[in-house]
Amino acid sequence: MQTAVQRREKTQGTRRVAFYASERSEYAARVLSGVLRYADDHVGFLLREFQDDVTGRDGPAGRWAGDPVPPWDGWGADGVVAILPHGPAVVRWAMAGGAPVVSVGGDYRGQLPTVYVDPLSVADLAIDHFLVTGYVHFAFVGVRGLPTVDLRRQCLAGRLADLGQPLLSYELETNPWPGLYDLEARAAAEPGLSEFLRSAPKPLAVLATSDYVGRVVCMASGRLGLGVPQEVGVLGVDNYAAARASIPPLSSIQAPGEDVGYQAMAMLDAAVRGGAGGRPGGALASAASPPAVGV
């Protein structure tokens, strides 16, 4: 582990920045693109990528439960932009190397400097989309136990409450992680989801917390004989290729991953230089693009 003096000496010249992603996803690629764009716009950065895939099937413990320090410590990183996995020990593990860490995603707001997509902008875009397309009943389908998902649901409920509209919601027990088709199938087969969709008033507008959750809602609706989008309108978030490969193709809100990466690098730059960006907090990147409308 480097000492504070060693880190300070290094930051006077080239700054070593690690990009760590606990997932292999389109969103991680978008965030990395923003990190690289910031490095291109500002001289003096040496960037190394540390890709992992621990958030899906086995969770974070499967890869690094026995590792006392994160992988970028051995490289001597001055700072880290990280898409961290979910888990109670993650922050302690990420900080064990001593380098400043900026977290991408809202799970660790208040514990780490953080940049994440503004959940209010997601809610506003979803409501506008559903009202224009004529839906009168609203629902949210998320994944149990994820703080960012909970915040997205709360913001949607608050916006709808301002309009005098209630929000129905369901939390999947299984996270349909990208690339793991068995988890997607397991989530779509949850009896609770089937009952939720069967009993909800129609036509029902569903904001899914991700495109993969949206695919699950489409699969479950199809098994129940519910027409999509006639009876159940599904809107995803992220606008991955997975949205277009869904049956039927999903409408989806574009997540500004590149902007998130750029802002995260700006925050890390300030932290490495000893600025205010090193304090725990949250920066929002608005999901400003309109929903990508499918058929």
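Structure: above.
The sections below set out a description of the structure shown in this document. On a predicted model such as this, the values are computed, not experimentally measured, just so you know. (Residues numbered from 1 in each chain as written. Predicted model: local features only at pLDDT ≥ 70, side-chain atom pairs only at ≥ 80, totals over all residues. Heavy atoms only, no water.)

The subject of this paragraph is the sheet that holds strand 8 (residues 204–208). Spatially, 5 strands are ordered 7-6-8-9-10 in an open sheet, and the strand pairing comes out parallel. Each edge of the open sheet carries a strand with a single partner, namely strand 7 (168–172) and strand 10 (251–254). In this sheet, neighbouring strand axes are inclined to one another by 25° on average, regardless of whether the strands run parallel or antiparallel. (Pairing = 2+ DSSP bridges. Helix = DSSP H or I, 4+ residues; strand = E, 2+ residues; numbered from the N terminus. Axes fitted to C-alpha atoms, helices over the stretch in contact; angles between N-to-C directions.)

Quick look at the pairing of strand 6 (residues 137–143) now. With respect to burial, strand 6 is a largely interior element, 6 of its 7 residues being buried. As paired strands, strand 6 and strand 7 are joined by 5 bridges and run parallel to one another. Within strand 7, the position partnered with Phe140 by the bridge is Ser169. Crossover strand 6 to strand 7 through helix 6 (residues 147–162) is right-handed. (Buried < 20%, exposed > 50% of the residue type's maximum accessible area, 1.4 Å probe, protein only. Right-handed = clockwise from strand over helix to strand, strands pointing away.)

Once that is clear, we can look at the pairing of strand 8. Burial runs high along strand 8: 5 of the 5 residues are buried. Burial along strand 8 is two-sided: the residues Leu204, Val206 and Ala208 and Ala205 and Leu207 are all buried. Summarising the sheet, strand 6 and strand 8 pair through 5 bridges and their orientation is parallel. Bridging across to strand 8, Phe138 finds its partner in Ala205. For strand 8 and strand 9 (residues 232–238), the ladder comprises 4 bridges, and the chain directions are parallel. Within the sheet, the bridge partner assigned to Ala205 lies in strand 9 and is Gly233. Considered for its hand, the β-α-β crossover made up of strand 8, helix 9 (residues 211–223) and strand 9 is right-handed.

As a further point, take the side chain of Glu23. Its place among the elements puts Glu23 in the loop between strand 1 (15–21) and helix 2 (26–41). No salt bridge forms around the buried Glu23; measuring N to O, its nearest opposite-charge neighbour Arg30 is 10.0 Å away. Excluding residues within four positions of it along the chain, Glu23 makes contact with Ala28, Gln51, Asp52, Asp53, Ile83 and Trp177. (Lys, Arg positive; Asp, Glu negative; His and termini not counted. Salt bridge = Lys/Arg side-chain N within 4 Å of Asp/Glu carboxyl O. Contact = heavy atoms within 4.5 Å.)

Turning our attention to helix 8 (residues 191–199). Along helix 8, the positions that sit buried rather than exposed are Leu193, Ser194, Phe196 and Leu197. The arc that holds every buried residue of helix 8, seen down its axis, measures 160°, which confines them to one face. Away from its buried face by more than 90 degrees, helix 8 exposes Pro191 and Ser199. Tucked inside the fold, the buried residues of helix 8 contact strand 6, strand 7, helix 7 (181–188), strand 8 and helix 9. (Arc of directions from axis to C-beta.)

Here the focus is the packing of helix 2 against helix 11 (residues 257–272). Packing of helix 2 against helix 11 leaves a shortest axis separation of 6 Å and a crossing angle of 50°. Taken as axis vectors, helix 2 and helix 11 run oblique relative to one another. Here the hand of the crossing between helix 2 and helix 11 comes out right-handed. On the side of helix 2, the interface is formed by Tyr27, Arg30, Val31, Ser33, Gly34, Val35, Arg37, Tyr38 and Asp41, while helix 11 contributes Gly257, Glu258, Asp259, Val260, Gly261, Tyr262, Met265, Ala266 and Asp269. The class makeup of the residues in the contact of helix 2 with helix 11 is 8 nonpolar, 4 polar and 6 charged. (Parallel < 35°, antiparallel > 145°, perpendicular 65-115°, else oblique. Left-handed = near helix turned anticlockwise from the far one by under 90°. Nonpolar A, V, L, I, M, F, W, Y, C, P; charged D, E, K, R; others polar.)

Turning next to the pattern of salt bridges. By the definition in use, this model includes 11 salt bridges. The closest approach of N and O atoms between Asp259 and Arg37, which form a salt bridge, is 3.6 Å. Linking Asp259 in helix 11 with Arg37 in helix 2, this pair joins segments that are 222 residues apart in sequence. Note on Arg37: relative accessible area 31%, which makes it partly exposed.

Interhelical geometry of helix 5 (residues 119–132) versus helix 6 gives an angle of 50° and a closest axis separation of 8 Å. When the interaxial angle is binned, helix 5 and helix 6 end up oblique. Where helix 5 crosses over helix 6, the handedness of that crossing is right-handed. Within the contact between the two elements, helix 5 uses Pro119, Leu120, Val122, Ala123, Asp124 and Ile127 and helix 6 uses Leu151, Arg152, Cys155, Leu156, Arg159 and Leu160.

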